[in-house]
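# Examining the three-dimensional arrangement
Take a look at the letters that make up each chain.
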Amino acid sequence: VLEGGGTVLIPAFSLSRSQEILAVLAEKDIPYPVYYDGMSRTIMELMINNPEYINDIDNLRKAYNEFRYVRGWEDRNKAWKNNGVIVASAGMLKGGPAVYYYKKLAENPKNGIFLVSYQAENTPGRKLLENGKFTDESPLLKARFQMFDFSSHAGNRQLLDIVKSSSSLEKVIVVHASLDN
């Protein structure tokens, strides 16, 4: 997409996923501008100020120092017109600046929309995966579309193995999951 003169939108959750994607892009040293928009900057600053909890702090710092934070509408309008990458919230395209960029980039086949997060049912991201459309009424997406799997946590089996391996647990509380076993 970039080599063909297009712009890539990566809708990503503001907490962790945006920073993970930005660190990967920093590590790869892509020779195109990278923009990030939404709450990801504040969260990135918190992470940088607490490096002991971050796996790839060097590339996160590199992303913070070298990539361009979108500070408002003027920057936003420049970002989508430039040949580069935009990482913007929200990860499921339910709102935030990612929706604005999607609407600007979706009609041009030179551009790309790359999903990197789970897409819940009835979200625009899931609709794109299932039908190639942002909403039931919108036209088919013309930009290149791809899903990359960046899992943010262990799966059901791995979580059960962690619990089973601990001998000192008295009680386990499961939140936001189902245990079929």
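An account of the accompanying structure is given in this report. (Residues numbered from 1 in each chain as written. Predicted model: local features only at pLDDT ≥ 70, side-chain atom pairs only at ≥ 80, totals over all residues. Heavy atoms only, no water.)

## Points about the pattern of salt bridges
Inspection of the entire model under this criterion finds eight salt bridges. Arg17 is paired through a salt bridge with Glu20; the nearest N and O atoms lie 3.1 Å apart. With Arg17 and Glu20 both in helix H1 (residues 17-28) and three residues apart, this pair spans about one turn of that helix. Looking at Arg17, the relative accessible area reads 4%, which means it is buried. Two residues, Asp136 and Lys127, come together in a salt bridge whose shortest N-O distance is 3.9 Å. (Salt bridge = Lys/Arg side-chain N within 4 Å of Asp/Glu carboxyl O. Helix = DSSP H or I, 4+ residues; strand = E, 2+ residues; numbered from the N terminus. Buried < 20%, exposed > 50% of the residue type's maximum accessible area, 1.4 Å probe, protein only.)

## What about the nonpolar core?
Soluble globular proteins tend to pack their nonpolar side chains together in the buried interior. In this structure, Ile10, Leu22, Leu25, Phe67, Val85 and Val87 are the most contacted members of the largest nonpolar core, which totals 22 residues. Elements that contribute at least two residues to this core include exactly strand S1 (8-11), H1, strand S2 (34-37), helix H2 (40-48), helix H3 (57-66) and strand S4 (85-88). Apart from the residues lying within four places of it in its own chain, the contact partners of Ile10 are Ile21, Leu25, Val85, Ile86, Val87, Ala88, Phe114 and Val116. Judged by nonpolar contacts, the second largest core, of 20 residues, contains Tyr35, Val70, Ala79 and Ala106. (Core = buried A, V, L, I, M, F, W, Y, C linked by side-chain atoms within 4.5 Å. Contact = heavy atoms within 4.5 Å.)

## Here we look at the packing of aromatic side chains
Per the stated rule, a full pass over the model turns up five aromatic pairs. Judged by centre distance (5.0 Å) and plane angle (80°), the ring pair of Trp73 and Tyr100 falls under edge-to-face. With Trp73 in helix H4 (residues 73-81) and Tyr100 in helix H5 (residues 97-105), this residue pair connects regions lying 27 residues apart in the sequence. By relative accessible area, Trp73 is classed as exposed at 52%. Overall, the relative accessible area of 16% leaves Tyr100 in the buried class. With centroids separated by 4.7 Å and ring planes inclined at 25°, the aromatic side chains of Tyr102 and Phe134 adopt a geometry described as stacked. Taken as a pair, Tyr102 in helix H5 and Phe134 in the loop between helix H6 (124-131) and strand S6 (144-147) lie far apart in primary sequence, 32 residues in all. We classify Phe134 as buried; its relative accessible area is 12%. Through successive ring pairs, a cluster of aromatic residues spans Trp73, Tyr100 and Tyr101. Above the face of the Trp73 ring, Arg76 is positioned so that its terminal group lies 4.6 Å from the ring centre. (Phe/Tyr/Trp six-rings, centres within 6.5 Å; stacked < 30°, edge-to-face > 60°. Lys NZ or Arg CZ within 6 Å of the ring centre and 35° of its normal.)

## A word on the environment of Ile173
In this fold, Ile173 is placed in the segment after helix H7 (156-165). Sequence-wise, Ile173 and Phe67 are 106 residues apart; in three dimensions their C-alpha atoms are separated by 40 Å.

## Some points on the sheet that holds strand S5 (residues 112-115)
What the six strands build is an open sheet, ordered S3-S2-S4-S1-S5-S6; its pairing is parallel. The open sheet terminates on both sides in strands that have one partner only, identified here as strand S3 (68-69) and S6. Here S1 runs beside S5; their pairing, made up of two bridges, is parallel. Note that in S5 the partner of Val8 across the bridge is Gly112. (Pairing = 2+ DSSP bridges.)

## Some words on H1
For H1, which comprises 12 residues, the first-to-last C-alpha distance of 17 Å matches the rise-based estimate of 16 Å (1.5 Å per residue) to within 8%. Inspection of H1 places Arg17, Ser18, Gln19, Ile21, Leu22, Ala23, Leu25 and Ala26 among the buried residues, and these make up the whole buried set. On its buried side, H1 packs onto S1, S2, H2, H3 and S4. A positive backbone phi angle near 50° is found at Asp29, which sits one or two residues after H1. (Expected span 1.5 Å × (residues − 1).)

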